[in-house]
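# Structural description and commentary
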Amino acid sequence: MIRPSRAAAEDTAPTELDITRFVYGASAFLGGTANVIMQLSNRPVGYGVLESTVDSGKVTLHPLKRLRTTLTYLSVALLGTERDREDYREAVNVSHRAVHSNASSPVRYNAFDPALQLWVAACLYWGTVDLYERMRGPVDAASAELLYQHGAHLGTTLQMRADMWPPDREAFTRYWDKTLAETTIDPPIREYFDDLIDLKMLPLPLRVPFAGIHRFFVSGLLPQHLREQMGITWSERDERRLDRVLRTLGATSAALPKPLRMFPFNAYLIDMRIRRRLGRGLV
């Protein structure tokens, strides 16, 4: 077989990103809690959520609404237009204005802190790529770079400045490794995480059949540093089981028509645009 020359391969490398290639609806339900743990393992982010007085946004009180707002955010950041992102940013800002530390808080935090939003965006990007590659295999270098640059929207749809996003994937890896190593999970936040993992916010009939499966996926999708922080054990056998499940799920999802594969992200983006048209709250 004649292999294309290096120059020819470069000529055929993608120059524009088809983000829909990387949007798998299954990831909405598999990776969410693990990603929340990554985000909140940064102590200011964690205490910002734990101490928040915005009850309408608490997953422990309103799990379905929180699912909608979180997945809508991801849908807008990844799939939306600039207008969608601007409108959703303003809606999120309304909720974030009340999220800031007080005199008794263990750490200082403010939901508008762009450095904290950079960490949140980094977790979302890292989780998106990690789960996609577990399901579908490695991304080619050209597409990986385009996906990385697109990932900046995960922060700029909040208040993160575009110039704060590390300039390339190597710089991102340095930032990620350094910041992840500095994360720590205090006992009150660990207790909050355990409740999320065990689905304590759901009614008992839903919690009992799904909590064990949920814990398995969350444990497997956490970086090892955070497993240790949570006191979670994870074996090579567990890793092999997870790999088989995710590869099977990835192959099955890839065979679906694109609208089904992308569900519910595409549905939440449509929902946001309908809400905007009707003058209803976006968050």
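Here's a quick rundown of the structure.

Rules used throughout
Per chain, residue numbering runs from 1 following the sequence as it is written. Under the rules for a predicted model, residues below a pLDDT of 70 receive no local features and side-chain atom pairs below 80 are neither given nor counted, while totals for whole chains, interfaces and linings still include all residues. Just so you know, side-chain values use all the structure's heavy atoms and leave hydrogens and water out. Think of it in three bands: with a 1.4 Å probe and only protein chains considered, a residue is buried below 20% of the maximum accessible area for its type, exposed above 50%, and partly exposed in between. Elements are defined by DSSP. Helices are runs of H or I of four residues or more, strands are runs of E of two residues or more, and each kind is numbered from the N terminus. Throughout, a contact is declared for two residues whenever any of their heavy atoms are within 4.5 Å. Side-chain atoms within 4.5 Å are what join buried Ala, Val, Leu, Ile, Met, Phe, Trp, Tyr and Cys residues into a set we call a nonpolar core. Orientation is described by axes fitted as lines to C-alpha atoms, over the contacting stretch for helices, and by angles from 0 to 180 degrees between their N-to-C directions. For classification purposes, an angle smaller than 35 degrees is called roughly parallel, one larger than 145 roughly antiparallel, one from 65 to 115 roughly perpendicular, and anything else oblique.

### Focus on helix H4 (residues 43-50)
Val45, Gly46, Tyr47 and Gly48 are the residues of H4 that are buried. For H4, the secondary structure elements touched by its buried residues are helix H3 (32-40), helix H7 (114-136) and helix H11 (187-197).

### Section: the nonpolar core
Taken as a class, soluble globular proteins show a tendency for nonpolar side chains to be buried jointly. Core analysis: the biggest nonpolar cluster contains 82 residues, and Leu79, Leu154, Trp165, Trp176, Phe193, Leu222 and Leu246 have the highest contact counts within it. By residue number, the principal contributor to this core is H7, which donates 13 residues. Those residues within four positions of leucine 79 in sequence are excluded, and the remaining contacts are Ile19, Thr20, Val23, Leu74, Met262, Phe265 and Leu269.

### Some details on the packing of H3 against H11
The angle between the axes and the distance between the axes are what describe a pair of packed helices. Direction vectors running N to C along H3 and H11 enclose 170°, while the axes themselves pass 10 Å from each other. The angle between the axes of H3 and H11 places the two elements in the roughly antiparallel class. Seen from H3, the contacting residues are Thr33, Val36, Ile37 and Leu40; seen from H11, they are Ile189, Tyr192, Phe193, Leu196 and Ile197.

### Focus on unusual backbone geometry
Across the junction of phenylalanine 263 and proline 264, the peptide omega takes the value 15°, indicating a cis bond. Assignment of secondary structure puts proline 264 in the loop between helix H15 (258-262) and helix H16 (265-278). A positive phi angle, close to 60°, is found at leucine 199, a residue other than glycine. Counting through the fold element by element, leucine 199 comes out in the loop between H11 and helix H12 (204-221).

### With respect to the side chain of serine 52
Within the secondary structure, serine 52 is located in the loop between H4 and helix H5 (63-79). Among all residues touching serine 52, those that are not within four sequence positions of it are Tyr47, Lys58 and Val99.

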